[in-house]
Amino acid sequence: MIHRFLGLFFLILSSFSIALAQQGNSASLIKLKIDKLGTLGTALYFAAHPDDENTRLIAYLANDRKYRTAYLSLTRGDGGQNLLGTEQGIELGLIRTQELLAARSIDKGEQYFSAAYDFGFSKTHDETFSFWKKEDILREAVYMIRKLQPDVIINRFPPDSRGGHGHHQASAILAKEAYEAAADPNRFPEQLKELKPWKAKRLVWNTANFGGMNNTSDEQLKVVLNDYNPLLGYSYGEISAMSRSQHKSQGFGSAANRGKTTEYFDHVAGEKANQDLFDGINTSWERLGEPVKNIETKIQTIQNSFDINHPEKSIKDLVALHAMVKALKPSVYRDRKIKDIEDIILSSAGIVAESIAAKPNYVVNQTFPVNNEIIKRAADVSVKLISIDGKQLAEALPANETKKYPSEKKIAHWTQPYWLEKPNSLGKFDIEDSNFGNPENTDNPHTSFVIEVDGLAISIDKPVEYRFVDPVQGEIYQPISISPALTATISSSQALLQTGDKKTISLTITNNSDQAQKAELSFKQSDGLNISPKEAALDIPEHGIVVKTFEISNPKNTASSEIQPLLNGEPVYGFKRIAYQHIPDITWFPAINLKVKALEINNPLKKIGYIHGAGDLVPTALENIGIQVDLLNSDLLASTNLKQYDAIIIGIRAYNVSPNANQWLPILLNYAEQGGTVLAQYNVNSRMSTNKFGPYPFEINRERVTEEDAKVTFTDPNDPILNYPNKITDRDFEGWVQERGLYFATNISPEYRTPLSMADKNEEQNKGSLLVANYGKGKFVYAPLAFFRQLPAGVPGATRLFVNLLAKNEKN
């Protein structure tokens, strides 16, 4: 389990956010839900990533205008940077998925996704579509439009260079094409077995003034957002800040704004709006084209007679309203409002149902006990528990008394996130059509309750959860996981091997079940590799572990190969749990394999110091090539003899996340002056705690080279950094992943050498990717090359270059 420290600021924001998100049964929120029954309008916000959405607008549309409001994020943000920990790629996407769900629980929007994979920063929509399989993502966007039937679709970005990130541009292009295709019965006709064509009234671009670019104008549609919602107890600026601050892995803690604000909208397609986003849209029940006067009258009666101290008094009228709505023809609004009414009835009766397991994890096909608990807190309401998971009970529930019903469950599948069940490409997850749009699995362990309130039977599904008491945080609920009986961890997922070298790898097999397991361990391997022993018989006690070591070599010096452990002839999967306080624990089961790459390297480094920044896996990668790595902090810097280290590395974004970089950087520069090597990795050019980045001046901008195969030019092939202890050639820039580098240097003082230049296609060469300066007896290096991605990925050339940057040389 991975534990991370969260700053006090984030914790304070989280406490407010949790309070807002957990008001579920409060009378004020019940009143808000009742008020929303009279409105039949839907807005769909459309963008590329977690954190792209306008949380203020979503909160306003959902809670003030009372529309159904959804956010479609095309990706899960897998390619971003992580300010909290070391997770990257798929694991970062898992975190950011939960952060989006936490945000929606606060602003009351709904969350959906496409299957697009965030492969990292892209400069153009053409590059983005070359990875995303445009037609597939368009098909999913059309599906979501047809399913939700939005009246208004809102882009966050324009379709051109003003959108910045290529994913942003692509999201606007896809929104326009999906808007049109959703109405065309000839586009994706297979969807019409379930859905029908849908034409939204309009598509608009929610323009903004940020990032140094102002796209708003007085000619655009302007909507003034009312400031304060007394039922929620916050202004929309405050709700927006709490919602946006859930994106903690991105460092998007936001300050609350109070007072009226204006949102701007540029017309894109459909009927142009002149006064309001919903101009010309009938959002009353009359839009259904059926006699609905009695429904509207009943809703008004419920709204006017609602007793804030006794919500249960509205139940009889709500039950009557339920029957009226159910009598209508099936439609997206009729079906949605039925669920809304049932939710209000349960909340008004003060009903809480839970399904609690004794442990956080069970294995496939294991029978385990579950304690089902239910309470009715409104005294004068007739409530019966009809059944639990189909078992008939028909018991009247007493007031304010928790009733417990033990049961058993057996789950036949893992709780692997559905988009990770199959290997993904660099641009897209491989998912089944039935999962279109879902933020999470729909088949995770749950218990089905049927509850009768005032004669109305209501079915509800509750997740099976693990509940415990933390001495600091109090009572905690976490989702349970279902794992394979046997899972494993490998000591390293990457092995860099020189010809003739051997490496010992350990495989730890864990038995997650309460029964002893026998298994045959073997390996599927690429040609050219040797592995010893090739197989082993395992006896693993219940809830026990067995560690097996094996030795690998690469006698043919095969450039790239792979070893896959097998248990009883089947692939082995890991068991990883990611834990942060602001989101539920996340469990997933990655496939276990070992990638082996040939490496020719001279490595004189024995011991280095490492100052962590935002978190990365560079220290582990360096240990895998035989370097001792000591983790240092500002206190240790002041009290440690730094001369013991061959070099000291400053982790990614350390100038951003360390509150006192201006205090410890001089210590490091003094170490360099006395003969040491200091290497600083990339930093973002905002919110830095120091305005001095090295011994001589340079600035940091937002320039980057995103094409991982971009041509690299040696501006001075004879520079010592390219020649000692390894001769760096074009081959060392082959096989890089995601990007070359980011947040390059500019306005560089002449004391720095810039031995490399590079550029994406059709751009000018940039020399800011690598700065080297002699300083006293030592040297300082600023290296915004993406080593934090390359080294953990086992890229041989990047590893050789990194060693060169750290190594001492008389010529530096």
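Our structure is the block above this text.
Residues numbered from 1 in each chain as written. Predicted model: local features only at pLDDT ≥ 70, side-chain atom pairs only at ≥ 80, totals over all residues. Heavy atoms only, no water.

Quick look at the packing of aromatic side chains
Counted under the stated rule, the structure contains 26 aromatic pairs. Summarising the aromatic geometry, the rings of Y117 and F429 are spaced 5.3 Å apart at their centres and angled 90° between planes, so their arrangement reads as edge-to-face. Taken together, the residues span a long stretch of sequence, with Y117 in the loop between β3 (110–113) and α5 (125–132) and F429 in the loop between β17 (403–410) and β18 (446–453) at a distance of 312 residues. Each member of the pair, Y117 together with F429, is buried. When the centroid spacing of 5.9 Å and the interplanar angle of 80° are considered together, the rings of Y696 and Y752 count as edge-to-face. Of this pair, Y696 sits in the loop between β37 (677–681) and β38 (699–700) while Y752 sits in the loop between β42 (745–746) and β43 (756–758); the two residues are 56 residues apart in sequence, bridging distant segments of the chain. Three or more aromatic residues link up through ring pairs in this structure, and these residues are Y655, W664, F693, Y696, F698, Y752, Y775 and Y782. In this arrangement the basic side chain of R76 is found over the ring face of F113, its NZ or CZ atom lying 4.2 Å from the centre. (Phe/Tyr/Trp six-rings, centres within 6.5 Å; stacked < 30°, edge-to-face > 60°. Helix = DSSP H or I, 4+ residues; strand = E, 2+ residues; numbered from the N terminus. Buried < 20%, exposed > 50% of the residue type's maximum accessible area, 1.4 Å probe, protein only. Lys NZ or Arg CZ within 6 Å of the ring centre and 35° of its normal.)

Some words on the pairing of strand β4 (residues 152–155)
What you see with β4 is no split at all: V152 and I154 on one side and I153 and N155 on the other are buried throughout. In terms of handedness, the path from β4 via helix α7 (residues 166–181) over to strand β5 (residues 202–207) forms a crossover that is right-handed. (Right-handed = clockwise from strand over helix to strand, strands pointing away.)

Comments concerning unusual backbone geometry
A cis geometry characterises the amide bond from S532 onward to P533, with omega recorded as -5°. Mapped onto the elements of the fold, P533 is located in the loop between β26 (530–532) and β27 (535–540). The backbone of N568 shows a phi angle near 55°, a positive value even though the residue is not glycine. Within the secondary structure layout, N568 lies in the loop between β29 (560–567) and β30 (570–571). Overall, N568 belongs to the partly exposed group, its relative accessible area being 49%. Here the phi dihedral of R687 falls at roughly 55°; this positive angle occurs in a residue that is not glycine. Topologically, R687 is positioned in the loop between β37 and β38.

Quick word on the environment of N63
On the secondary structure map, N63 appears in helix α3 (residues 55–63). Contacts of N63, omitting those with residues within four sequence positions, involve L32, D107, K108, N229, L232 and Y236. In terms of polar contacts, N63 uses its side chain to reach the backbone carbonyl oxygen of D107, at 3.0 Å. (Contact = heavy atoms within 4.5 Å. Polar contact = N/O pair within 3.5 Å; in protein donor to acceptor, adjacent residues only side chain to side chain.)

Re the pattern of salt bridges
According to the stated counting rule, one finds 40 salt bridges in the structure shown. Notably, a salt bridge pairs D107 with R104, separated by 2.8 Å at the nearest N-O pair. With D107 and R104 both in helix α4 (residues 90–107) and three residues apart, this pair spans about one turn of that helix. Classification of R104 as buried rests on a relative accessible area of 3%. A salt bridge links E739 to R789, with the nearest nitrogen and oxygen atoms 2.7 Å apart. Within this pair, whereas E739 is found in the loop between β40 (712–714) and β41 (741–742), its partner R789 is found in helix α16 (residues 787–790), the two being separated by 50 residues in sequence. Counted as one network, the salt bridges with shared partners bring together R68, E110, R336 and D340. (Salt bridge = Lys/Arg side-chain N within 4 Å of Asp/Glu carboxyl O.)

Side note on the side chain of S757
As for its position among the elements, S757 is in strand β43. Residue classification places S757 among the buried residues on the basis of a relative accessible area of 5%. Reaching out from S757, the side chain makes a polar contact with the side chain of Q765 at a distance of 2.8 Å.

Side note on the sheet that holds strand β36 (residues 647–650)
Pairing is mixed in the open sheet, where six strands are placed in the order β35-β34-β36-β37-β45-β44. The sheet terminates laterally at β35 (628–632) and β44 (771–775), the two strands that pair on one side only. Within the sheet, the average angular offset between the axes of one strand and its neighbour, ignoring direction, is 20°. Pairing geometry for strand β34 (residues 607–611) and β36, over four bridges, is parallel. Its bridge partner being in β36, G609 is matched across the sheet by I648. Packed on one face of the sheet, helix α15 (residues 661–673) meets β34, β36, β37, β44 and β45 (778–783) and runs near 150° to β36. (Pairing = 2+ DSSP bridges. Axes fitted to C-alpha atoms, helices over the stretch in contact; angles between N-to-C directions.)

A short note on the packing of α4 against helix α8 (residues 236–244)
The axes of two packed helices give the description: the angle between them and the distance between them. It is the contact of α4 with α8, at a shortest axis distance of 8 Å, that shows an interaxial angle of 160°. Between α4 and α8, the interaxial angle falls into the category roughly antiparallel. Considering how the two elements wind past one another, α4 and α8 form a crossing that is right-handed. Only I239, M242 and S243 of α8 make contact with α4, whose side of the interface consists of A103, R104, I106 and D107. Its residues placed into classes, the contact of α4 with α8 shows four nonpolar, one polar and two charged. (Parallel < 35°, antiparallel > 145°, perpendicular 65-115°, else oblique. Left-handed = near helix turned anticlockwise from the far one by under 90°. Nonpolar A, V, L, I, M, F, W, Y, C, P; charged D, E, K, R; others polar.)

Focus: the packing of helix α2 (residues 27–36) against helix α9 (residues 293–305)
Between α2 and α9, whose axes approach to 9 Å, the crossing angle comes to 160°. Relative to α9, α2 is oriented roughly antiparallel. The chirality of how α2 crosses α9 is left-handed. Contact residues: K31, I34 and D35 in α2; I299, I302 and Q303 in α9.

Remarks on the nonpolar core
One broad trend across soluble globular proteins is that nonpolar side chains are buried collectively. Counting 77 residues, the largest nonpolar core has L622, W664 and F787 as its most contacted members. When sequence neighbours within four positions are dropped, the list of residues in contact with F787 reads V618, Q681, W736, P792, A798, L801, F802 and L805. (Core = buried A, V, L, I, M, F, W, Y, C linked by side-chain atoms within 4.5 Å.)

Looking at the pairing of strand β33 (residues 594–598)
Across the five residues that make up β33, a large majority, four, are buried. In this structure, β29 lies alongside β33, joined through four bridges in antiparallel fashion. Bridge assignment links S561 to a residue of β33, and that residue is V596.

Concerning the sheet that holds strand β2 (residues 68–73)
The pairing of strands in a sheet comes from backbone hydrogen bonds and takes either a parallel or an antiparallel form. One open sheet holds the seven strands; their spatial order is β3-β2-β1-β4-β5-β11-β8, and the pairing between them is mixed. Either end of the sheet is taken by a strand with one partner, and the two such strands are β3 and β8 (221–225). Each strand of the sheet is rotated relative to its neighbour by a mean of 30°, with strand direction disregarded. Alignment of β5 against strand β11 (residues 261–270), held across six bridges, turns out to be antiparallel. For W205, the partnering residue across the bridge sits in β11 and is D266. Against the sheet, α4 engages β2 and β3, with an angle of about 155° to β3.

Points about empty space enclosed by the protein
One pass over the structure, following the stated rule, counts three cavities of 30 Å³ or more. Split into classes, the residues belonging to the lining of the largest cavity amount to two nonpolar, seven polar and two charged. (1 Å grid on protein atoms, 1.4 Å probe; cavity = no way out; pocket = protein on both sides within 12 Å on 5 of 7 lines; lining within 4 Å. Points joined across faces, edges and corners; volume = space filled by probe spheres on them.)

Thoughts on α15
If you check α15, its first and last C-alpha atoms are 18 Å apart, about what 13 residues at 1.5 Å a residue would give, namely 18 Å. Residues of α15 that are buried: A661, W664, L665, L668, L669, Y671 and A672. The arc that holds every buried residue of α15, seen down its axis, measures 155°, which confines them to one face. (Expected span 1.5 Å × (residues − 1). Arc of directions from axis to C-beta.)

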